[in-house]
Each structure stands twice: as C-alpha cells, then as structure tokens.
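# Chain and residue survey
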Amino acid sequence: MSQDTLDATIHPVLLCGGSGTRLWPLSRKSYPKQFVRLMGEESLFQASAKRLSGHGFAAPSVITGADFRFVVIEQLAALQIAPADILIEPCARNTAAAICAGALVLEARKPGALMLVAPSDHVISDAGAFRAAVKAAAPAAEAGQLVTFGIRPDRPETGYGWLELSEAPDAEFSATPQPLKSFVEKPDLAKAEALLQDGMHLWNAGIFLFSTTTILKAFARYAPDTLAQVRGAVAGAVRDLGFTRLAPAPWKGLEDISIDYAVMERADNLSVVPYGGAWSDLGDWQAVWREQKPDENGIVTAGAATAIDCKESLLQSTSEAQQLVGIGLEDIIAVAMPDAVLVAHKSRAQDVKKAVAELKAKGAAQAETLPRDFRPWGWYESLVVGQRFQVKRIHVHPGAALSLQSHHHRAEHWIVVAGTAQVTVDDEVKLVTENQSVYIPLGAVHRMENPGKVPLTLIEVQTGAYLGEDDIIRYDDVYARGQGARG
C-alpha cells in the first residue's frame, strides 16, 4: 500500500436531520439535540465537526433542514470551520436519501473521493483514536468496500442494532478492517445478553466510509429508484446564500428508508472496523446520565438542581430561576425547563418519545417548540403571554438585522436594555440606545438592526388581537427566508 493511499483525504459528511425526541424537553423539533450543549461548552454538532477535522480530513459537508441552516453556519463559524457545502433537505427522508445526495454532490466536485458519513449527535471522547480508526479503514474503502464501524459493547443494549463479525477482535481491539458477516436488528434483552457474551458482535454506530464510486454503484444496484429521484433533486438544486437547496418535487417522492435497509444489508462488499474507545449516541436520558459520570451514589445534577438522599438519578434544571430539588429518589430522571418538566423512571427513558407524541396530539406547543426561538439574526424568548399582549426578550447578533416587515394585527414597543439598535419605522431611521424606546404602530413597515460590535438586547411588548408568529409580511430580508413564521 502506497503512502499516498494511507494519507488519502477523507471528506466528512455530517447528518443533521434528527429531531431527538427521546431527550425532550431539552431537545425538541425546533432545536434538536445535535445543536444543544449537552456535554460541555460545545454542541454535539460542533464536537463532531471538530473530531473530523485536521490533517487528512477535508472541509465537511453538512446535510440538514431549512430551519437549521443558519444554526449550522453559526456553530461552524464559532469553530472557524468553513464547510465545503450545506445541503438543505426539503423534508426528512431518512439516511438513504441524505447519503445518496451527499455522494452525488461530492462525486461532482471530486470524483471517487472517500466519503465518511457520520451522525452529528454522537459522543466520542477520544477524537484522536477515532480519527486513527477512520484512517485505518481508508485502504479497505479505496479497495471498493463499504466500511462500517462497530463499537465494543459494554452492556446488553436493546436500543441499538448490532453487527456480527467474521472473526473475534484481537486483545487490543485494534482498528483492523474485516469482512462483516451480518447486521442484527435491535434485539430483546435476552438476545442482547447473548450477543454481548459471545464476543462476536459489536454495536452498529451508523458511521460509514466508502468512495463515492462504490456507494453510487451500490445505490444503482440495490436502490435504483432512490438514486434516480435524488439525482433529480440534485440536478434541480438551487444555490441560496451559500446553501444548496435540493429540488423539492423529486425529493418529496422519495421512500423514507435508512441506508441500512436500502443498501447495506443487501450488499456483498461489506467490511467492519472494530472501535474499542468510548462512544455514545446519547439516545435517551439514561445515556446522558451515564455519560455525565455519576458520583459515588450514582447522582448527576446539572444547573439549578439539588439531590438529597437520592441514588442512581439525574436531576437537571436549565433556569437559575427554577430550583429543582429531589428527595429520596432512586433511578429517576428529572429535567426541568421554564415551560415543561419531565419526571421518569430510568428504565422508561426510551419511552419519552411517547410523551412527545401525546403532547403533540393534545396540541401542546411544548411538544416541538422551545421557549427560546433561534433565528439567523439571533434569538428571542417569550417572557409573559396574556390576553392581547406578549412580552419578549430579543437578542440580535452584532451586524445582524431583522427583516423589513409589517403586521396586520399587532403593534410593538421596543425598549433597548443593552447595545444600540438602528430602527426603521416607515420613512424614519434612527438610533435607539440603552434605556431608550420606540413605538411601532399597527401596520407600520419597520426593521431592527444591530450596527454595533456587541450584542443588542431589547424587550418587546406586543399588543393586539392576534400575536402569532405567522402575522408577518416580509418586504426585504438579508437571509432570503421568504414569507411565513420562520421563512
């Protein structure tokens, strides 16, 4: 094997389309877990991007939804990582469609490139060891193998699929590619215990390495309809502020199917690389408890939380104004947010998604929407909502601007509490500084901008017959969001 092959550049493709309902209420459809700071000062998405950067790795491609495109840009910019491209899915169609789109776009840019597909919401503490495992897999991928990565199991996990090896890993669990014997669906507990004991099975991490040539040939053979429709979506894609919007018509007709079902479980050129380091997909709150390193009593507390005579439990409060206290709890998950509280037995952590479904069926906004709504210019959060009025706190990034807009049903009063705002109201443009305010009459065409170099914070008081976010007409928007609540 030549040195050029061993040093082959690997092109990461980060999948950012999941909703993370099992980590409700912290993770919701409006802001899923990959963008949340669950494990330290960086989001899971940021940690993934950093882990797959450096020598031997090209700039990442990201596949996400329209609502998160500016979050992706902002979080990558904080790491000083410039993406190769950001593909916008018109709607979620599972991993087969997303990976096919990533492969077609990369193939057009660099034919035959090595493509590393990775979810953006995993925790891998030893980034160096994982990068070494990926590079060890490169020769097999270049030789035409579809390479998957298997994690050394440490418990009889029923929430993951498993991989059956053709030979047992060595004592050091070195990252040496070997033929993959078979995929194993998520097992029941008894079968999981047997898989753990036999030493011939690993957890399926859902991470893959292959060349664009190999994976596109596999799609052509095993999922030709998916390949044809994704080709149409890529061919009809449009560039928008540096993003690539895949064409919606062919995309919406795609089958909702995973890459495992569509291709991997049917292919005959599969290899697996055993990985012996720490790994978690943070698939539920029990996984978060495990990764947060419980104390000698099995307790994890985060934020404004206090545990008294508790065992094997996680208590987390996201607001200093809301103190969470647990007394005499055992095997309990308790997560408190200003608008929602979860209390569950640890053994039922996988069932949190059922609670989300119940709340959604009842029409509760908390099922999918966080109190803080992130926008490309910053964020806002509702502080008080009453009959015919609402009070918000608004944060605008330096240099950012809201759209030029008007409302049919509400007037607004803005009070600047930090920074300086440049405010447009019809034909008048003026600066509004700290402790100053401005009134926006019903129907007035208006805009708020932050011309400074520090964040702008203001309090907005809305009054009117209807205060919904869809009462907005955009006349001009630097983020090209179009009409609608989020645009």
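The structure presented is a predicted model; accordingly, all values stated were derived computationally and were not measured.

### Some points on the overall build of the protein
What the protein contains, in helices and strands, is 12 helices and 28 strands. Over its C-alpha atoms the protein spans a radius of gyration of 24 Å, differing by no more than 12% from the 23 Å that the globule rule assigns to 487 residues. Principal-axis analysis of the C-alpha atoms gives the protein an extent of 70 × 60 × 40 Å. Here the protein holds 487 residues, and 51% of them are scored as buried. Put simply, 68% of the contacts in the protein that link residues at least 6 apart link residues at least 24 apart. A total accessible area of about 21,400 Å² is found for the protein, and carbon and sulfur atoms account for 52% of it. Positive and negative side-chain charges in the protein, numbering 46 and 57 respectively, have mean positions lying 3 Å apart.

### Here we look at the nonpolar core
In terms of nonpolar packing, the biggest core is built from 90 residues, with Leu116, Phe149, Ile207, Leu209 and Trp285 touching the most fellow members. The element contributing the most residues to this core is helix H5 (residues 127–142), with seven residues. Core analysis: the next-biggest nonpolar cluster, separate from the first, contains 46 residues, Ala233, Leu246, Trp251 and Val263 among them.

### Things to note about unusual backbone geometry
For the bond running from tryptophan 24 to proline 25, omega is 10°, close enough to zero to count as cis. By the element assignment, proline 25 lies in the loop between strand S1 (10–16) and helix H2 (44–51). Even without glycine at this site, leucine 282 takes up a positive phi of about 45°. Within the secondary structure, leucine 282 sits in the loop between strand S11 (270–275) and helix H11 (285–291). Overall, leucine 282 belongs to the buried group, its relative accessible area being 0%.

### Some details on the UniProt feature "domain: MannoseP isomerase/GMP-like beta-helix" (unreviewed entry) in the protein
UniProt annotation of "domain: MannoseP isomerase/GMP-like beta-helix" (unreviewed entry) refers to residues 307–359 when read in the numbering used here. In the segment residues 307–359, helix accounts for 15% and strand for 43%; the C-alpha atoms at its two ends are 28 Å apart.

### Focus on the UniProt feature "domain: Nucleotidyl transferase" (unreviewed entry) in the protein
The UniProt record annotates "domain: Nucleotidyl transferase" (unreviewed entry) at residues 12–295. Here residues 12–295 runs as 35% helix and 21% strand, with 36 Å between its end C-alpha atoms.

### Let's talk about the packing of aromatic side chains
Using the criterion set out here, one finds 13 aromatic pairs in the structure. Where phenylalanine 35 meets phenylalanine 45, the ring centres are 5.7 Å apart and the plane angle is 65°; that geometry is what we call edge-to-face. Remark: phenylalanine 45 occurs in helix H2 and phenylalanine 35 occurs in the loop between S1 and H2; sequence separation between them is 10 residues. Judged on exposure class, the residue phenylalanine 35 and its partner phenylalanine 45 are both buried. Through a chain of ring-to-ring contacts, three or more aromatic side chains come together here, namely Tyr31, Phe35, Phe45, Phe68 and Phe374. Here the basic side chain of arginine 372 rests over the ring of tryptophan 379, its NZ or CZ set 3.5 Å away from the ring centre.

### Regarding the sheet that holds strand S16 (residues 332–337)
The sheet built from four strands is open, its strands ordered S12-S14-S16-S17 with mixed pairing. In this open sheet, the two edge strands, each paired with only one partner strand, are strand S12 (299–303) and strand S17 (340–345). Direction aside, neighbouring strands of the sheet carry axes that sit 5° apart on average. Alignment of strand S14 (residues 313–317) against S16, held across four bridges, turns out to be parallel. Within the sheet, the bridge partner assigned to leucine 314 lies in S16 and is isoleucine 333.

### Here we look at the environment of alanine 101
When you line up the elements, alanine 101 lands in helix H4 (residues 94–109). Take alanine 101: its relative accessible area is 0%, and that puts it in the buried class. Considering only alpha carbons, one finds alanine 101 and glutamate 89, 12 residues apart in sequence, at a separation of 9.3 Å. For alanine 101, the contacting residues outside a window of four places in its chain are Leu87, Val230, Val234, Leu246 and Trp251.

Cut-off values and rules
- Residues numbered from 1 in each chain as written.
- Predicted model: local features only at pLDDT ≥ 70, side-chain atom pairs only at ≥ 80, totals over all residues.
- Heavy atoms only, no water.
- Helix = DSSP H or I, 4+ residues; strand = E, 2+ residues; numbered from the N terminus.
- Rg over C-alpha atoms; globule rule 2.2 N^0.38 Å.
- Buried < 20%, exposed > 50% of the residue type's maximum accessible area, 1.4 Å probe, protein only.
- Contact = heavy atoms within 4.5 Å.
- Areas by Shrake-Rupley, 256 points an atom, 1.4 Å probe, with all protein chains shown as cover.
- Lys, Arg positive; Asp, Glu negative; His and termini not counted.
- Charge placed at Lys NZ, Arg CZ, Asp CG, Glu CD.
- Core = buried A, V, L, I, M, F, W, Y, C linked by side-chain atoms within 4.5 Å.
- UniProt positions renumbered as here; feature names shortened; annotations may be inferred.
- Phe/Tyr/Trp six-rings, centres within 6.5 Å; stacked < 30°, edge-to-face > 60°.
- Lys NZ or Arg CZ within 6 Å of the ring centre and 35° of its normal.
- Pairing = 2+ DSSP bridges.
- Axes fitted to C-alpha atoms, helices over the stretch in contact; angles between N-to-C directions.

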